[in-house]
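What follows is each chain in one-letter form.
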Amino acid sequence: ASFLCWKVLRFSFFKKMSSLIKAETIPLIAEAYSLSDREKDIAYRVIRGLSTKAIGDELHISAYTVQDHLKSFFLKTGAGNRRELMWKLLDDVLE
């Protein structure tokens, strides 16, 4: 039951955040953090709240490759996880 509750909370969090960070801001974010095209693709999907597996499925890459891109993205932005990344991106967009 707690796993299901966590999934619902996670979905709600990312749904709310994705409504605040619009797709049009992705190029600005990509430029600000010098993201590669693939990192930009992944950033868009993270903002939409997709799981690592779902991102991999959409982009036809393995979950391990998605994780590698996420690690690079985290290093570039200074975020430690997806939640921190979303807060950081939201903060940057609202400034």
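Here, the structure is the one placed above.
Residues numbered from 1 in each chain as written. Predicted model: local features only at pLDDT ≥ 70, side-chain atom pairs only at ≥ 80, totals over all residues. Heavy atoms only, no water.

Draft legend 1. Highlighting the overall build of the protein. The helix and strand inventory of the protein stands at six helices and zero strands. Across the 95 residues that make up the protein, the buried fraction comes to 38%. Accessible surface, the protein: about 6,000 Å² in total, of which carbon and sulfur atoms supply 59%. (Helix = DSSP H or I, 4+ residues; strand = E, 2+ residues; numbered from the N terminus. Buried < 20%, exposed > 50% of the residue type's maximum accessible area, 1.4 Å probe, protein only. Areas by Shrake-Rupley, 256 points an atom, 1.4 Å probe, with all protein chains shown as cover.)

Draft legend 2. Quick peek at the packing of helix H3 (residues 37–47) against helix H5 (residues 63–77). For the pair H3 and H5, interaxial distance at closest approach is 10 Å and the crossing angle is 90°. Between H3 and H5, the angle falls in the class roughly perpendicular. Between H3 and H5, the residues in contact are Arg38, Glu39, Ile42, Ala43 and Val46 and Val66, His69, Leu70, Ser72, Phe73 and Lys76, respectively. When grouped by side-chain class, the residues that make up the contact of H3 with H5 number six nonpolar, two polar and three charged. (Axes fitted to C-alpha atoms, helices over the stretch in contact; angles between N-to-C directions. Parallel < 35°, antiparallel > 145°, perpendicular 65-115°, else oblique. Contact = heavy atoms within 4.5 Å. Nonpolar A, V, L, I, M, F, W, Y, C, P; charged D, E, K, R; others polar.)

Draft legend 3. Spotlight on unusual backbone geometry. Its identity as a non-glycine residue notwithstanding, Ser34 has a phi of 55°, on the positive side. Looking at the element boundaries, Ser34 is found in the loop between helix H2 (26–32) and H3.

Draft legend 4. Structural view of the environment of Arg45. Relative to the assigned elements, Arg45 resides in helix H3. Excluding residues that lie within four positions of it along the chain, Arg45 makes contacts with Leu50, Ile55, Glu58 and Leu59.

Draft legend 5. Expanded view of the nonpolar core. Core analysis: the largest hydrophobic core is formed by 20 residues, its most contacted members being Leu35, Ile42, Val46, Ile55, Leu85 and Leu89. Those elements that place two or more of their residues in this core are H2, H3, helix H4 (52–59), H5 and helix H6 (82–94). If we ignore the near neighbours within four places in the chain, the residues touching Ile55 are Ile42, Arg45, Val46, Leu50, Val66 and Arg82. (Core = buried A, V, L, I, M, F, W, Y, C linked by side-chain atoms within 4.5 Å.)

Draft legend 6. Structural context of the environment of Leu89. Relative to the assigned elements, Leu89 resides in helix H6. Judged by relative accessible area, which is 1%, Leu89 ranks as buried. Put simply, Leu89 and Thr77 are 12 residues apart on the chain and 8.6 Å apart in space, counted from C-alpha to C-alpha.

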